[in-house]
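Residue strings, one per chain:
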Amino acid sequence: MNLHALFIVLALVVAAPTAHATQSVFPARSCANCTASQMQTMAKNTMPVGITFVYDLPHHAIRKYDVYMDSDCRPVGGPSSSAVRGKGGAGTKTGEGADCGSFKAADEMMPVDPDVQEAFDTLYNSYVHDPSLASNGEILHYGVPLNPHNYPNPFNLQQVAWDYPNASYQDFMREINDIFSDKSSMNQWDPGTGDYLFGYEMASFHVGVVLSVPPGVEGQVSWDRNNMVHVSICTDNAGSPGDCAKFDVAASSGVVQIQFKGIFDKNNDIYPNANGVSPGNLTSWGFPHGGADHFSDILRNHNVYVPNSGYCSPGTHPFLTVTRDVSNHYHFEDWSCQQN
């Protein structure tokens, strides 16, 4: 290599960008049932420049890659003289005697950082227990918490809906918050759920990752997964969900946030509440999948006169309309049949 060409190579090395020197978010992408070669190809072809992770959940494997743009410089009109990691443009002349082209590369880094490995291991534990939880972030749990004021009986979910946001609803939510307070409580309630929320989601927000040149940095892993957990706590209706309390649960920066979505019957119709606030503030309900009279029981149980729904011809379904007065009392208005 002549002196001029050597200067070009050294200049490229000095000017090479350190794209991940200040990186604080580390993407992780699934490559289910992939070989090591396929995982590296995915990192190279689909992941952004910087430190990234590719994982195979079914086989409990995760790999770490340094993805970067490389340069291939050669004398003009001659074979490639060197492959230099750094900055270059496809077909771009550099100086008088070199032609450089860029391409993407991915080098595997070993081992995977302990914080990242631990978060992935707990995700795998959840996957073994409940693939639907690990794949879709959905928890379906049979068994309503016991009501401390009516021990040992469980909460009446229809009553919880009616009382929202007061009375038995508040007692119910205290029980829910206790369950979702830490990993141990959740795993005791439903094995694997605490691993998912605390060991995978929460832990992913605070990880230490070593870059291509130590020391490492603090950051978070951004998995290609929904970070919202959809929870349904249901009574058992002959092996299928009956009435269900539904929540959205999010783990963010070390805090668990629980959003109550409502109480639903087996046909996913929301039960009413007495206060006229959302959720459950509707004054009319359709029943395209049946269950109209079962749904109306909560109104009848609170001294609202609601006759039986009666018969609707094929292709139609019952539709209940009620009204609220200024005191938020329900009054039966009408049953009708509406087209499906």
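See the structure printed just above.
Calculation criteria
- Residues numbered from 1 in each chain as written.
- Predicted model: local features only at pLDDT ≥ 70, side-chain atom pairs only at ≥ 80, totals over all residues.
- Heavy atoms only, no water.
- Helix = DSSP H or I, 4+ residues; strand = E, 2+ residues; numbered from the N terminus.
- Buried < 20%, exposed > 50% of the residue type's maximum accessible area, 1.4 Å probe, protein only.
- Contact = heavy atoms within 4.5 Å.
- Areas by Shrake-Rupley, 256 points an atom, 1.4 Å probe, with all protein chains shown as cover.
- Polar contact = N/O pair within 3.5 Å; in protein donor to acceptor, adjacent residues only side chain to side chain.
- Salt bridge = Lys/Arg side-chain N within 4 Å of Asp/Glu carboxyl O.
- Phe/Tyr/Trp six-rings, centres within 6.5 Å; stacked < 30°, edge-to-face > 60°.
- Lys NZ or Arg CZ within 6 Å of the ring centre and 35° of its normal.
- Expected span 1.5 Å × (residues − 1).
- Axes fitted to C-alpha atoms, helices over the stretch in contact; angles between N-to-C directions.
- Parallel < 35°, antiparallel > 145°, perpendicular 65-115°, else oblique.
- Left-handed = near helix turned anticlockwise from the far one by under 90°.
- 1 Å grid on protein atoms, 1.4 Å probe; cavity = no way out; pocket = protein on both sides within 12 Å on 5 of 7 lines; lining within 4 Å.
- Points joined across faces, edges and corners; volume = space filled by probe spheres on them.
- Pairing = 2+ DSSP bridges.

## Here we look at the overall build of the chain
Scanning the chain from terminus to terminus reveals nine helices and 15 strands. Sorting the 340 residues of the chain into buried and exposed places 43% on the buried side. By sequence separation, contacts in the chain at least 24 residues apart represent 56% of the contacts at least 6 residues apart. Entry remark: accessible area of the chain is about 16900 Å², with carbon and sulfur atoms responsible for 52%.

## Description of the side chain of serine 204
Note that serine 204 resides in the loop between helix H8 (193–202) and strand S8 (207–209). Looking at serine 204, its side chain comes within polar contact range of the side chain of tryptophan 223, at 2.7 Å. Apart from the residues lying within four places of it in its own chain, the contact partners of serine 204 are Ala119, Gly219, Gln220, Val221 and Trp223.

## Points about the pattern of salt bridges
With the rule as written, the count across this model stands at six salt bridges. In this structure, the salt-bridge partner of arginine 174 is aspartate 171, at a minimum N-O distance of 2.3 Å. One end of the pair, arginine 174, and the other, aspartate 171, are both in helix H6 (residues 168–179), three residues apart, so they sit about a helical turn from each other. For arginine 174, a relative accessible area of 47% corresponds to the partly exposed category. We note a salt bridge from arginine 300 to aspartate 297, for which the minimum N-O separation is 3.0 Å. Taken together, the residues span about one helical turn, with arginine 300 and aspartate 297 both in helix H9 (residues 292–300) at a distance of three residues. Within this structure, Asp293, Asp297 and Arg300 form a network of salt bridges that share partners.

## Some points on the packing of aromatic side chains
Centre-to-centre distance and the angle between the planes together describe a pair of aromatic rings. Evaluation of the coordinates by the stated rule reveals 20 aromatic pairs. An angle of 55° between the planes, with centres 5.0 Å apart, marks the rings of tyrosine 196 and tyrosine 200 as tilted. With tyrosine 196 and tyrosine 200 both in helix H8 and four residues apart, the pair spans about one turn of that helix. By way of ring pairs, the aromatic residues Trp162, Tyr271, Trp285, Phe287, Phe295, Tyr330 and Trp335 are connected into one cluster. The side chain of lysine 246 reaches across the aromatic face of phenylalanine 264, ending 4.9 Å from its centre.

## As for H6
Taking 1.5 Å per residue as the helical rise, H6 with its 12 residues ought to reach 16 Å, and the 17 Å between its terminal C-alpha atoms agrees with that figure. Buried within H6 are the following residues: Ser168, Tyr169, Asp171, Phe172, Met173, Ile176 and Ile179.

## What to know about the packing of helix H3 (residues 114–129) against H8
Relative placement of two packed helices is described by the angle separating their axes and the distance separating the axes. For the pair H3 and H8, interaxial distance at closest approach is 8 Å and the crossing angle is 165°. Of the possible angle classes, the one that applies to H3 and H8 is roughly antiparallel. Judged by the sense of rotation from one axis to the other, the crossing of H3 with H8 is left-handed. In contact with Glu118, Ala119, Thr122, Leu123, Asn125 and Ser126 of H3, H8 contributes Asp195, Tyr196, Gly199 and Tyr200.

## What to know about empty space enclosed by the protein
With the rule as written, the count across this model stands at one cavity of 30 Å³ or more. Space inside the largest cavity adds up to approximately 30 Å³. Looking at the largest cavity, the residues that line it are Ala161, Tyr164, Phe260, Gly262, Ile263, Ile270, Tyr271, Pro279 and Gly280. Considering each element in turn, the lining of the largest cavity owes the most residues, three residues, to strand S12 (residues 255–264).

## Here we look at the pairing of strand S9 (residues 217–223)
Consecutive side chains along a regular strand alternate between the two faces of the sheet. Alignment of strand S1 (residues 25–30) against S9, held across four bridges, turns out to be parallel. Following the sheet pairing, proline 27 is matched in S9 by serine 222. For S8 and S9, the ladder comprises three bridges, and the chain directions are antiparallel. Pairing of valine 207 across the sheet is with glycine 219, part of S9.

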